[in-house]
Amino acid sequence: MFRLTDFTYEGKTVFLRADLNSPVKDGKITSDARFRAVLPTIRYLLENGAKLVIATHQSRPYKEDYITTEEHAEILSKLLGKEVEYVEDIFGRLARERISSLRSGEAIILENLRFSAEEVFYKPLEECERTFLIRKLAPLIDYVVNDAFAAAHRSQPSLVGFARIKPMIMGKLMEKEVDALTRAYEKGEKPRVYVLGGAKVEDSLRVAENVLRMEKADLILTGGLVGHVFTLAKGFNLGDANIEFMARKGLLELVDWAERILDEFYPMIRTPVDFAIDYRGERLEVDLLSDEKRLFDEYPILDIGSRTIEKYREILLGAGTIVANGPMGVFEREEFALGTVEVFRAIGESKAFSVVGGGHSIASIYKYNIKGISHISTGGGAMLSFFAGEKLPVLEAFKISHRTFIQK
Ligand code: 3PG
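A short tour of the structure in this document, coming up.

Rules and cut-offs
- Residues numbered from 1 in each chain as written.
- Predicted model: local features only at pLDDT ≥ 70, side-chain atom pairs only at ≥ 80, totals over all residues.
- Heavy atoms only, no water.
- Helix = DSSP H or I, 4+ residues; strand = E, 2+ residues; numbered from the N terminus.
- Contact = heavy atoms within 4.5 Å.
- 1 Å grid on protein atoms, 1.4 Å probe; cavity = no way out; pocket = protein on both sides within 12 Å on 5 of 7 lines; lining within 4 Å.
- Points joined across faces, edges and corners; volume = space filled by probe spheres on them.
- Nonpolar A, V, L, I, M, F, W, Y, C, P; charged D, E, K, R; others polar.
- Axes fitted to C-alpha atoms, helices over the stretch in contact; angles between N-to-C directions.
- Parallel < 35°, antiparallel > 145°, perpendicular 65-115°, else oblique.
- Near = heavy atom within 4 Å.
- Polar contact = N/O pair within 3.5 Å; in protein donor to acceptor, adjacent residues only side chain to side chain.
- Areas by Shrake-Rupley, 256 points an atom, 1.4 Å probe, with all protein chains shown as cover.
- Phe/Tyr/Trp six-rings, centres within 6.5 Å; stacked < 30°, edge-to-face > 60°.
- Lys NZ or Arg CZ within 6 Å of the ring centre and 35° of its normal.
- Pairing = 2+ DSSP bridges.
- Salt bridge = Lys/Arg side-chain N within 4 Å of Asp/Glu carboxyl O.
- Buried < 20%, exposed > 50% of the residue type's maximum accessible area, 1.4 Å probe, protein only.
- Arc of directions from axis to C-beta.

In this section: the side chain of Asn 325. Residue position: Asn 325 is located in strand E16 (residues 321-325). Other than its neighbours up to four places away in sequence, Asn 325 contacts Val 195, Leu 196, Gly 197, Gly 357, Gly 358, Gly 379, Gly 380, Met 383 and Leu 384.

Spelled out as structure tokens, the structure:
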């Protein structure tokens, strides 16, 4: 695969596909983690004289966090100490004219790529190649640098469509992510502990199944909604309120699958022994085996409890490799962030080689100033897809581009 140092960039127009898709509250971006992660690539390209066209998606149509990239431009400019101009267009005349007039060392950011319908579908590379986004921009571009690891599981025009048309080069973040994840997956020292939390239950089940079958994991600790599904699969009752919630989210259909995984690997999958519920606005911890568990009928479980945290902590401190994805609870509410934060903290304290990801939940690592994690991945779904043993379209596209242009 092509690396940044394989080419020179003086006077060249570079399309940098980043993933700056970030959490948004009341119309404002609340975490700059993904911006900071891509800065080394941006700096390298600008210092080496590139004319830089940055592009990202932000959420999807009709969602609350679907906003323009105007604030993305402001954040990048502030972090870089240099203007990154917001261009309110993707591949129309305004964008093309601005790209053509770029000077060496100048940077612009295009409009939210998902304002274009082409960027909302998943299509094979050959079809992505025929989109207007690719056809209109390709003539203006010399190289494509892809640093959007967090979107590496998506087959969309800006992510894979240039591969056979322009040399597609791995950015520094992409390289770092792939190296760290490969190390944990292929060469992880034992015991290898996976922590699976959050709401992406289906993806997490695929990871659990793959790493256990392929003998890449020795133990799996569960939390968040992943923990709920495995707890039900073990035959415990989580109460009417929680089961209704899970039914609404379509999660009950996954219980059978979780049961099948347990049939094969029961002792290797740990589930919470206590939970924290929202008891009239306050955190209340309830043991899964106590009489108080009747409260689960009325009150929502929003975090793992302290006994679970203690058990998980001990295991994590003795691990050789840790891979963690997703929060243990509703970390956005301070009183229910305890499980997520304490698990991340234990990972940081552990001597293990550790990789932690989970999209927006990694913001809590910075918020609570947690140190000592070997690699904080910007990927949520992409990281899960990697550990599920799937082929990531963007990584495949790098290989195709390399094969295409190494011969030229
Ligand atoms: C993410 O945050 O997981 C990536 O930016 C991908 O976003 P998507 O799930 O909307 O494609």
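Turning to empty space enclosed by the protein, a few remarks are in order. Taken as a whole and judged by the stated rule, the model has 2 cavities of 30 Å³ or more. What the largest cavity holds in volume is close to 60 Å³. Lining the largest cavity are Asn 21, Ser 22, Pro 23, Ser 31, Ala 33, Arg 34, Gly 359, His 360, Ile 362 and Ala 363. Classifying every residue of the lining of the largest cavity gives 4 nonpolar, 5 polar and 1 charged. Counted as a void, the second largest cavity has a volume near 30 Å³. Taken together, Tyr 194, Leu 196, Val 207, Val 323, Asn 325, Met 383, Leu 384 and Phe 387 make up the full set of residues lining the second largest cavity. Counting only elements with at least two residues in the lining of the second largest cavity, the list comes to strand E10 (192-196), E16 and helix H15 (381-387). Each residue belonging to the lining of the second largest cavity can be placed in one class, and the counts come to 7 nonpolar, 1 polar and no charged.

So, on to the packing of helix H9 (residues 224-233) against helix H11 (residues 255-265). Axis angle and axis distance: for two packed helices, these are the angle between their axes and the distance between the axes, and together they describe the pair. Interhelical geometry of H9 versus H11 gives an angle of 70° and a closest axis separation of 8 Å. Relative to H11, H9 is oriented roughly perpendicular. Across the interface between the two elements, Val 229, Phe 230, Leu 232 and Ala 233 from H9 touch Val 255, Ala 258, Glu 259, Ile 261 and Leu 262 from H11. Of the residues assigned to the contact of H9 with H11, the class counts are 8 nonpolar, no polar and 1 charged.

Moving on, we get to the site of the ligand. Asp 19, Asn 21, Arg 34, His 57, Arg 60, Arg 114, Ala 150 and Arg 154 make up every residue found near the ligand. Here an oxygen atom of the ligand sits 2.8 Å away from a polar atom, N or O, in the side chain of Arg 114. Here Arg 154 contributes a side-chain N or O atom positioned 2.7 Å from an oxygen atom of the ligand. Within the complex, the protein chains bury 89% of what would otherwise be the 310 Å² of accessible surface of the ligand. In the shell around the ligand, the residues fall into 1 nonpolar, 2 polar and 5 charged.

This paragraph deals with the layout of surface pockets. Where empty space is left becomes clear once a probe the size of a water molecule has been rolled over the atoms. Of the volumes computed, that of the second largest pocket is approximately 230 Å³. Contributing elements (two or more residues each) for the lining of the second largest pocket: helix H1 (33-47), helix H7 (172-187) and strand E18 (375-376). It is H1 that contributes the most residues to the lining of the second largest pocket, 5 residues altogether. Tallied by class, the residues present in the lining of the second largest pocket amount to 7 nonpolar, 3 polar and 3 charged.

What follows is about the packing of aromatic side chains. Aromatic ring pairs: the centre-centre distance and the angle between the two ring planes describe each pair. If you walk through the whole model with that rule in mind, you get 12 aromatic pairs. Pairing Phe 15 with Phe 162 gives two aromatic rings, centres 5.1 Å apart and planes at 55°, and the pair type is tilted. Here Phe 15, found in strand E2 (residues 13-17), pairs with Phe 162, found in the loop between helix H6 (157-160) and strand E9 (168-170); they are 147 residues apart in sequence, far enough to count as distant. Pairwise contacts between aromatic rings join Phe 2, Phe 7, Tyr 9, Tyr 44 and Tyr 143 into one cluster. Taking the ring centre of Phe 132 as reference, the NZ or CZ of Arg 135 above it sits at 4.5 Å. For the cation-ring pair, Arg 183 lies above Phe 353, with the distance from its terminal atom to the ring centre recorded as 3.7 Å.

Turning next to the sheet that holds strand E13 (residues 274-279). The sheet built from 3 strands is open, its strands ordered E14-E13-E15 with antiparallel pairing. Each end of this open sheet is capped by a strand with a single partner; those strands are strand E14 (282-287) and strand E15 (301-304). The mean inter-strand angle of the sheet, taken between neighbouring strand axes irrespective of direction, is 35°. One ladder, built from 3 bridges, connects E13 with E15; its direction is antiparallel.

Taken as a whole and judged by the stated rule, the model has 23 salt bridges. Between Lys 216 and Glu 186 there is a salt bridge; the shortest N-O distance is 3.5 Å. Taken as a pair, Lys 216 in the loop between helix H8 (201-213) and strand E11 (219-222) and Glu 186 in helix H7 lie far apart in primary sequence, 30 residues in all. Taking the relative accessible area as the measure of exposure, Lys 216 reaches 16% and is therefore buried. For Asp 303, the salt bridge identified is with Arg 283, shortest N-O distance 2.8 Å. Residue Asp 303 is found in strand E15, and its partner Arg 283 is found in strand E14; the two are separated by 20 residues along the sequence. Taking relative accessible area as the criterion, Arg 283 reaches 23% and is therefore assigned partly exposed. Within this structure, Glu 85, Arg 98, Arg 103 and Glu 106 form a network of salt bridges that share partners.

Of all the residues in H11, the buried ones are Val 255, Trp 257, Ala 258, Ile 261, Leu 262 and Phe 265. Along the long axis of H11, the arc covered by the buried residues comes to 160°, so they all point the same way. In H11, the exposed residues that point more than 90 degrees away from the buried face are Asp 256, Arg 260 and Asp 263. Its buried side turned inward, H11 meets H8, H9 and strand E12 (269-270).

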